[in-house]
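The residues making up each chain are set out below.
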Amino acid sequence: MLPTWFWVGFLALLGAVVGSFLNVCIWRMPRDASVVQPPSRCPACNTRLRARDLVPVFSFLAQGRKCRYCRSPISWRYAVVETLTAVAFAALYFVDGPTAALAFDAVFVATLIAIFAIDLEHYIIPHELNLVAAATGILRDVWGRAITGAWSHPTALGVPGSDLELIVPASLMGLAVGFLVFLTLGWLGAVAFRREALGGGDLKLAAAIGAHLGWVSAVASFLLAVAVGTVAGLALVAAGLRRRGKYTPYRYIPFGPAMVIGALVVVYSGPALVSAVLSLWWPVPAPAVRSWP
Ligand SMILES: [Zn+2]
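Residues numbered from 1 in each chain as written. Predicted model: local features only at pLDDT ≥ 70, side-chain atom pairs only at ≥ 80, totals over all residues. Heavy atoms only, no water.

Engineer: Sorry if this is basic, but what is going on with the coordination of the zinc ion here?
Structural biologist: Geometrically, a metal with four donors at the corners of a regular tetrahedron has ideal angles of 109.5 degrees, and one with six donors at the corners of a regular octahedron has ideal angles of 90 or 180 degrees. Looking at the metal site, the zinc ion is ligated by Cys 42 (SG), Cys 45 (SG), Cys 67 (SG) and Cys 70 (SG), spaced 2.3 Å from it. Around the zinc ion sit four donor atoms, and with donor-metal-donor angles ranging over 102 to 118 degrees the site reads as tetrahedral. Mapped onto the polypeptide sequence, the residues donating to the zinc ion form the spacing pattern C-x2-C-x21-C-x2-C. Of this pair, Cys 45 sits in the loop between helix H1 (4–28) and helix H2 (58–62) while Cys 70 sits in the loop between H2 and helix H3 (76–96), placing them 25 residues apart in sequence. (Donors = N, O, S within 2.8 Å, 3.2 Å for Na, K, Ca; no water. Tetrahedral: all angles 85-135°; square planar, octahedral: opposite > 155°, others 65-115°. Helix = DSSP H or I, 4+ residues; strand = E, 2+ residues; numbered from the N terminus.)

What follows is the structure, encoded as structure tokens:
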């Protein structure tokens, strides 16, 4: 059994390296460029960056936030994403312990960080990221089935006209509920605002969050997202950063990033907060949440 400090240190280092790769995704994915080729270059002077220029956080600080070759300033985003991913990975140790669940959660959290940064700046969510997020949820469920011999928290759906029951794994149920909730919200928004209110990316992200968190926790994360999105939207308007009408109503409220915050809060806070959030809306005590291995 390795000590806690080893795991936390290892996860922080791994997080910083993954964060460095996320920065590549955040820059290239909205520009439809490959995230594996070619090697990184300075966007200002186009000099190919070497290993010593790419050490997470360290290079950024050692070079005084400037390109080593042309002295152009480097965006804070690089160091922020690397630091955030390092902290997020290390903190997962206290959520999952040294288990396989940690690996699935780490991929999910990394994907959410990239989605947050890309959606905030470009108002799009790349399909690949939603696909990776959904896949980790389904794989986590399948992995739990493989080691325990049973699906964790499946939903039994009665088949009408027979006494057959359909056992739906938590990840697929979450995927379906997330998708249907947002399909309904999008339709209601389109009727109310007479234009597209929710992007297809938001819909797929909702399905991916559902696949990873299970439907109950996913619904709690969506409610948190509505609260976060509303507060952030109003704050941005108050600060005069966004004028009404420039974006569709949902773009006016930054909803993809709000959904990411909602999902992250659920991942890190555990069942107590999910129950508290749901009990504000749910007339009965909130059921068990996100507890499959
Ligand atoms: Zn440069």
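Engineer: Hey, could you run me through the pairing of strand S2 (residues 165–168) in this one?
Structural biologist: As paired elements, strand S1 (residues 155–158) and S2 share four bridges and run antiparallel to each other. Residue pairing for S2: Leu 157 is matched across the bridge by Leu 166. Once S1 ends, the chain turns through six residues before running back antiparallel as S2, passing Gly 161 with a positive phi of about 80 degrees. (Pairing = 2+ DSSP bridges.)

Engineer: Mind showing me how you'd approach the packing of aromatic side chains here?
Structural biologist: Working definition: an aromatic ring pair is given by the centre-to-centre distance plus the angle between the planes. Evaluation of the coordinates by the stated rule reveals ten aromatic pairs. With centroids separated by 6.3 Å and ring planes inclined at 80 degrees, the aromatic side chains of Trp 7 and Phe 10 adopt a geometry described as edge-to-face. Of the two residues, Trp 7 and Phe 10 are both situated in helix H1; the distance of three residues between them amounts to about one turn of the helix. The class of Trp 7 is partly exposed, set by a relative accessible area of 22%. Judged by relative accessible area, which is 39%, Phe 10 ranks as partly exposed. Ring centres 5.6 Å apart and planes at 90 degrees place the aromatic pair Tyr 93 and Phe 94 in the edge-to-face group. (Phe/Tyr/Trp six-rings, centres within 6.5 Å; stacked < 30°, edge-to-face > 60°. Buried < 20%, exposed > 50% of the residue type's maximum accessible area, 1.4 Å probe, protein only.)

Any link to function would need more than the numbers given here.
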